[in-house]
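# An overview of the molecular structure
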Amino acid sequence: MQIFKNPNYNFVGYRWHAIGLSTLVILAGLVTVWLKGLPLGVEFSGGSIVIVQFDQVPGIDRVRGAVGSAFPGGGQNIVVQSYGSPEQRQIMIRVPEVGEEQGTGLSQAADAVERSLAGSALGKFTVVGREVVGPVVGQDLTRKGIWATALSLLGILVYIALRFRLSFAVGAIVATIHDLLVMIAFLAFFRYDLSLNVVAAVLTIIGYSVNDTVVIFDRVRENLKGMRKDDISTIVNVAVNQTLGRTIITAGTALLSVIALFLFGGEVLRAFSFTMIVGIISGTYSTVFIAAAVVTFWRHKTARVPAGAPASVKAARAPQTARTKVKTARNPRVM
Amino acid sequence: MGKDIRWRFLLIVVIVGACLWAIVPPAQKIRLGLDLKGGVHLVLRVNTDDALKLETVSTMERVRDELDRAGITVGAVKDLNPTQFQVSEVPPQQDALFRQTAAEAQANYNRESGVGGSYTFTMKPNIAVQLRGDAVTQAKQTIERRVNDLGVTEPVIAIQGSAGDQLLVQLPGVTDVQRAKDIIHSTALLELKLVEQGPSPTREALLQATNGQVPPNMEVVSGVDTRAGERPETVYLLVRKAPVVTGRDLRNAKPSLDENNQPAVSFSLNNEGARKFSKATGENVNRLLAIVLDGQARSWPRIENRISDEGQITGGFTQQEVQDLSLVLKSGALPASLTYLEERTIGPTLGADSIRSGIMASLVGLGLVVTFMLFYYRLSGINAIVALVFNLIILLGAMSYVGAAMTLPGVAGFILTIGIGVDSNVLIFERIKEELAAQRGVRASVGTGFSRVFLTLLDTHSTALISAAFLFQFGTGPIRGFATTLVFGLISNLFTSTFVSRTLFELVLSRRQASTLSI
C-alpha cells in the first residue's frame, strides 16, 4: 500500500507562500504575547496551587467567593476551576501569592485557602495536592530553560554542520526556530500555561523537528551525487518528494500517540500534549517547506563561486560514500 | 537457517528476557516517582552565609581575647558582614604587637590596614567556598538522619541549584507536611550557658547591675517562665557567651517526664562533653544554668551539685514536641538556617489518577499505532510491531536496571516512544519499497533498505539525543524522568529497529525463496 504513487509536487516552488503563512502565524503570535503576555505556570511565576476533592462539588462561584474572602481585595487574581474529569469532583485554586517570599511562611497563602474552605459551609473535602513555589525558583528556571534551548540548538547546528554541511545546518536551525516560535504563538492563542512540562515538550520538538529535517537532507546529499547537472532547487524538491511518504506516515503515527495522550493522559499532561501536537505539525510543515527553502537560497548564492569551499567539501566526501555504495550493492547484509 | 542468524536471534531473546525479568510484575518492579506515588517534594536553600558568619564571629572573638591578654586596647572590634570583621583605632605604638597577636587569624583571613589604625580582616575566597560547601553537605547529612528517624522509605535528598546551595528533599508517602517541614528546618542548636544575672521581667532591670551595658563576653537571652499554676511570662537572662556544652557534645536524647510529670527531653553527653560539663557544674554549684535552644532559653535550673553526663530539658513542651525535639537533637544541629523555596504535595489519589490516565493513554496510543502499521504495511507491520514492543520492554528494563523512577512526564516519554519509535521502521520500509519498485529482488531490497538507512538513523538519533541531554541538564525531578525515558527509548530504538527488525526479516526470508514481500 502506498499513500503517494511517485509524488512530484513542486514544494520548493511554493516556498514564498509557505514563508508568508509562517510569518503571519508567528507575527500574530508575537503580537498576542505582546498584548496579553504568555500565561506562566506556577513554576515560573511563583504562587500557590491547592487542588481539593469535594464529596459534593459546591459550584465554582461559591468556592471562589469563599476563597476570595480570605484575601485582601476579594482575591481578584485567584483562579478557581474544575480539575480533571467531572466525576473526580476536583477543583483547582490558584493564588498568585505564596505568603512570605520564601522561608517558613512560604505556604501561608495555601494554608489560608484551606482554612477559608474549611470555614465556609461548602461540604466535606480533602486536599489532594498542593504546590507552592517561591519567586526565586522561577527566575532560576527561566534562565536554565533559555540556556538549555539555546545550547541544544547550538549542539544540533554543530552536529549537522560536521555530518553534512553548513547550509544544511542553517536550514535545520531556521526550521527549528520556526517551530519554536509557532509553538509559542499557539500557546499564546490557546492560553495554555507555560509550565515545566511545556518546556520539556518544546525541547523534545527541537529534537524531533531536526530529526525530520535530517532525513530529507540525507536524501539531498545522496541525490547531489547522482544529479550533478541539476539545479539545487530540483535536487531538493526530488528529495522532499522521495521521502514524502515517510514524512507523512511518521508525523501521522507520532500524532496518533500524542493525541491519545491529549485525550486520555489527564489534566497534568494536557498542555504538554497540546504543545507536542502543534510542534509535530509545525515540524513536518517546516521540514518540507522552510528547511528545504533555506538550503536552496543558500546554495544558489554559493553556487556562483566556482571551485569554492562547498565544492571541495563535496569532492572530499565523494570517494568515501561511493565506496559504501559499492559495498552495499554487493553485500546487502552490511549494517 | 544460517548460524549467524541463530546467534543474533539468541542475543535478542537474552536481552529482551533480561529486561522482562526486570519489570515483571510491574506493580512491584517499576519504581514510581513522587508525582505518581504521592508524597512531599521540598526545595530548600541552605543559607550558607550563616556558616561564614559563625566562623567570622568566632575568629573575631578569639582575636578580641588575644588582644585583651596582650594588653592592647583598641577602639572597637566588630563584624561587618559574614566574611569581614574590623578592628579599629589600634594605638600606633602597639601596632607591631597587634600584628603579631592577630597573626593567628590570618590563616583564613586576609588583613588589610585602613586609616586611623584600623584593620579589616576578609575571609580568603577559597576558605569561603570550602565553608559554604561544607555547610551544604553537613545540612544534607543532618536532614538525611532526621528523615531516616522519621521512618520515611526511599527518601531522596540531593544537592542541586546553579550555586550548589539548594537541597531537594522528596519524602514519598508522607502526608503531614507541616510536621515534616518543622523537623527538617529546625536548627536545633542546643547550648548550655551559665547565667550571670536574672531572670528579670525586663531587659532594663536585668542590666541594672552592669549599668545598662551588656559586657562583651556576655549576652541577653529571653525565655518564657512557665511555672505550674501561674500565667506564662517572658523573662530575660544575662548569660555567658561561651557555652559550657553544646548539642555537638550530646550522645543521645530521648523523651521523658520531669518531676511534675510534664513531657521533657533527657539527654546524655559524650566523654568530651561530660568532662567539660562536670568541671563547669562542679565549679558553679548553686548558680543557674540556662538551656538555650535556637537562641531561646527553655529553662534555667539551679545547679544542685556536680553533674557529669546526664541532663534534662524542660519547659512547657507537649508530647509531640518532646518527641520531635529529641529526634532533631540526636541528629545534630544544622550548620546554617534553611529557607523553603518550593513545596509540593501530591496526595495518593492524585497519583493514582495519573497512573490510570497514563496507562489508558499508553494503551490507546499503542492500539492506534499498531492498527495503522498493520493496515499500511500488512505482514511487515507485524515485524515493526514486534520491534516496537521490544523497544518498550528494553526501555522499561533499562530504567529498572539503573534504578530510574517512572514519573508522569516519563509516561509521556514512553507514549512518545511509541509514536516516534516506529519512525525508524517506516523509514526502512519506505526505502525497501523504493528498492522493490526498482525491481531489485526481495532479499537485495531488504538488505539495501536497512544498510542505506542505518546512517540516516544514526544522524536522527544523535540529534535527538543532543536535545534530550540538554533537557536532562535543565530539568529537576519529573523532567529528568522524561529525559531519561527519551534517552533510553532512543538507544533501544536504534537496536530494535535495525538489529531486531532485520533479523526478523532474514529469519522469515531464509525459510523460503521469496519473490514477493508483504510490505
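Owing to the predicted nature of the structure, the values given are computational and were not obtained by experimental measurement. (Residues numbered from 1 in each chain as written. Chains lettered and ligands numbered in written order. Predicted model: local features only at pLDDT ≥ 70, side-chain atom pairs only at ≥ 80, totals over all residues.)

## Observations concerning the overall build of chain B
For the record, the criterion: Each helix corresponds to a stretch of at least 4 residues labelled H or I by DSSP, and each strand to a stretch of at least 2 residues labelled E; elements are numbered beginning at the N terminus. In this description the radius of gyration comes from C-alpha coordinates, and the expected globular size is given by 2.2 Å times residues to the power 0.38. Exposure classes come from backbone-placed C-beta atoms, where a residue is buried if 20 or more other C-beta atoms lie within 10 Å of its own, exposed if 12 or fewer do, and partly exposed in between. We call two residues in contact whenever the C-beta atoms placed from their backbones are within 7 Å.
Assigned secondary structure in chain B consists of 14 helices and 17 strands. What you see for chain B is a C-alpha radius of gyration of 35 Å, clearly larger than the 24 Å of a compact globule of 519 residues, by over 25%. Judged by the C-alpha coordinates and their principal axes, chain B covers about 110 × 60 × 35 Å. The 519 residues of chain B split such that 46% are buried. Taking the contacts inside chain B whose residues are at least 6 apart along the sequence as the reference set, 72% of them involve residues at least 24 apart.

## Describing the overall build of chain A
Secondary structure assignment for chain A yields eleven helices and four strands. By residue count, 47% of the 335 residues in chain A fall in the buried class. Long-range pairs, those at least 24 residues apart, make up 75% of the contacts in chain A between residues at least 6 apart in sequence.

## Focus on the sheet that holds strand E5 (residues 119-123) of chain B
The strands that make up a sheet pair up through hydrogen bonds in the backbone, lying either parallel or antiparallel. Residues and elements named next belong to chain B. To be explicit about the condition: We call two strands paired when DSSP finds no fewer than two bridges between them. A fitted line through C-alpha atoms serves as each axis, taken over the contacting stretch for helices, and the angle formed by two N-to-C directions is quoted from 0 to 180°.
Spatial strand order, E2-E3-E5-E4: four strands in an open sheet with antiparallel pairing. The outermost strands of the open sheet, each flanked by one partner alone, are strand E2 (76-81) and strand E4 (109-113). The mean inter-strand angle of the sheet, taken between neighbouring strand axes irrespective of direction, is 20°. Where helix H4 (residues 49-70) meets the sheet, its contacts fall on E2, strand E3 (84-88), E4 and E5, and the angle it forms with E2 comes to roughly 170°.

## Section: the interface of chain A and chain B
Rules: Charged residues are taken to be Asp, Glu, Lys and Arg, nonpolar residues to be Ala, Val, Leu, Ile, Met, Phe, Trp, Tyr, Cys and Pro, and polar residues to be all remaining types, Gly included.
Facing 65 residues of chain A, the contacting portion of chain B comprises 66 residues. Counting only elements with at least two residues in the side of chain A that touches chain B, the list comes to strand E1 (47-54), strand E4 (125-133), helix H5 (135-163), helix H7 (196-226) and helix H9 (244-264) of chain A. With 13 residues, the top contributor of residues to the side of chain A that touches chain B is H7(A). Across the side of chain A that touches chain B, the residue classes tally to 34 nonpolar, 23 polar and eight charged.

## Let's talk about the packing of H7(A) against helix H12 (residues 408-437) of chain B
Test applied: The labels follow the angle: roughly parallel below 35 degrees, roughly antiparallel above 145, roughly perpendicular from 65 to 115, and oblique for the rest.
For the pair H7(A) and H12(B), the least separation of the axes is 12 Å and the interaxial angle reads 5°. Judged on the interaxial angle alone, H12(B) and H7(A) are roughly parallel. Mapping the contact onto sequence places Asn197(A), Ala200(A), Thr204(A), Tyr208(A) and Val215(A) in H7(A) and Pro409(B), Leu416(B), Ile420(B) and Leu427(B) in H12(B). Per-class residue counts for the contact of H7(A) with H12(B) are seven nonpolar, two polar and no charged.

## A few points about the sheet that holds strand E12 (residues 250-257) of chain B
All names here are of chain B. Here three strands make up an open sheet; going across it, the order is E12-E13-E16 and the pairing antiparallel. Single-partner strands in this sheet number two, and they are E12 and strand E16 (310-313). For this sheet the average axis-to-axis angle between neighbouring strands, irrespective of direction, equals 25°. In the sheet, E12 pairs with strand E13 (residues 263-269) via seven bridges, with the strands oriented antiparallel. Residue Ser256 lies in a different strand from E13, and its bridge partner there is Ala264.

## A short note on the confidence of the model for chain B
When pLDDT drops low, the exact placement of atoms in the prediction is not to be read closely. Residue and element names in this part refer to chain B. Threshold: Note on scores: pLDDT gives the predictor's confidence for each residue, bounded by 0 and 100.
Averaged over every residue, the pLDDT of chain B is 84; the share at 70 or more is 97%. The secondary structure element of chain B with the lowest average pLDDT is helix H8 (residues 203-206), at 77, and the one with the highest is helix H11 (residues 348-402), at 91. Quick note on the complex model: pTM equals 0.78, ipTM equals 0.80.

## Some details on unusual backbone geometry
For the peptide bond that leads from Val24(B) to Pro25(B), omega is -5°, which places it in the cis range. The backbone of Arg89(A) shows a phi angle near 50°, a positive value even though the residue is not glycine. Overall, Arg89(A) belongs to the partly exposed group, with 17 C-beta atoms counted inside 10 Å. Unusually for a residue other than glycine, Glu89(B) sits at a positive phi of about 50°. By the secondary structure assignment, Glu89(B) is in the loop between E3 and helix H5 (95-101). Of the residues examined, Glu89(B) has 12 C-beta atoms within 10 Å and is grouped as exposed.

## Focus on the confidence of the model for chain A
On average, residues of chain A score 81 in pLDDT, and 87% of them are at 70 or above. Here helix H11 (residues 309-330) of chain A stands out as the least confident element of chain A, with mean pLDDT 38; helix H1 (residues 15-36) of chain A is the most confident, with 93.

## Quick word on H5(A)
Worth spelling out the cut-off: Take the residue count of a helix, subtract one, and multiply by 1.5 Å to get its expected span.
The end-to-end C-alpha distance of H5(A), which contains 29 residues, comes to 42 Å, matching closely the 42 Å that a straight helix rising 1.5 Å per residue would cover. Within H5(A) the residues assigned to the buried category are Val137(A), Gly145(A), Ala148(A), Thr149(A), Ser152(A), Leu153(A), Ile156(A) and Ile160(A).

## A word on the domain arrangement of chain A
The condition that has to hold: An automatic or database domain assignment provides the domain bounds reported here.
When cut into domains, chain A gives domain 1 (25-38 + 138-304) and domain 2 (47-133). For domain 1 of chain A and domain 2 of chain A, the distance between their C-alpha centroids amounts to 39 Å.

## A look at the pairing of E4(A)
A regular strand places its side chains so that they alternate between the two faces of the sheet. Extensive coverage of E4(A) is indicated by the burial of seven of its nine residues. Here E1(A) pairs with E4(A) via eight bridges, running antiparallel. Its bridge partner being in E4(A), Ile49(A) is matched across the sheet by Glu131(A). One ladder, built from five bridges, connects E4(A) with strand E17 (residues 338-346) of chain B; its direction is antiparallel. Among the inter-strand pairings, Gly129(A) is bridged to a residue of E17(B), identified as Ile346(B).

## A few points about the environment of Gln323(B)
Within the element layout of this structure, Gln323(B) appears in helix H10 (residues 319-331). Residue classification places Gln323(B) among the partly exposed positions, given that 15 C-beta atoms sit within 10 Å.

## A few points about the domain arrangement of chain B
The figure often quoted for interface size is the accessible area lost as the parts come together. Per the domain assignment, the segments making up chain B are domain 1 (3-37 + 347-509), domain 2 (49-125) and domain 3 (194-318). For domain 2 of chain B and domain 3 of chain B, the distance between their C-alpha centroids amounts to 31 Å.

## Focus: the environment of Lys241(B)
Residues and elements named next belong to chain B. Topologically, Lys241 is positioned in the loop between strand E10 (233-240) and strand E11 (245-246). Separated by 21 residues in the primary sequence, Lys241 and Val220 have C-alpha atoms spaced 9.0 Å apart. With near-sequence residues (within four places) excluded, Lys241 lies in contact with Asn217, Met218 and Glu219.

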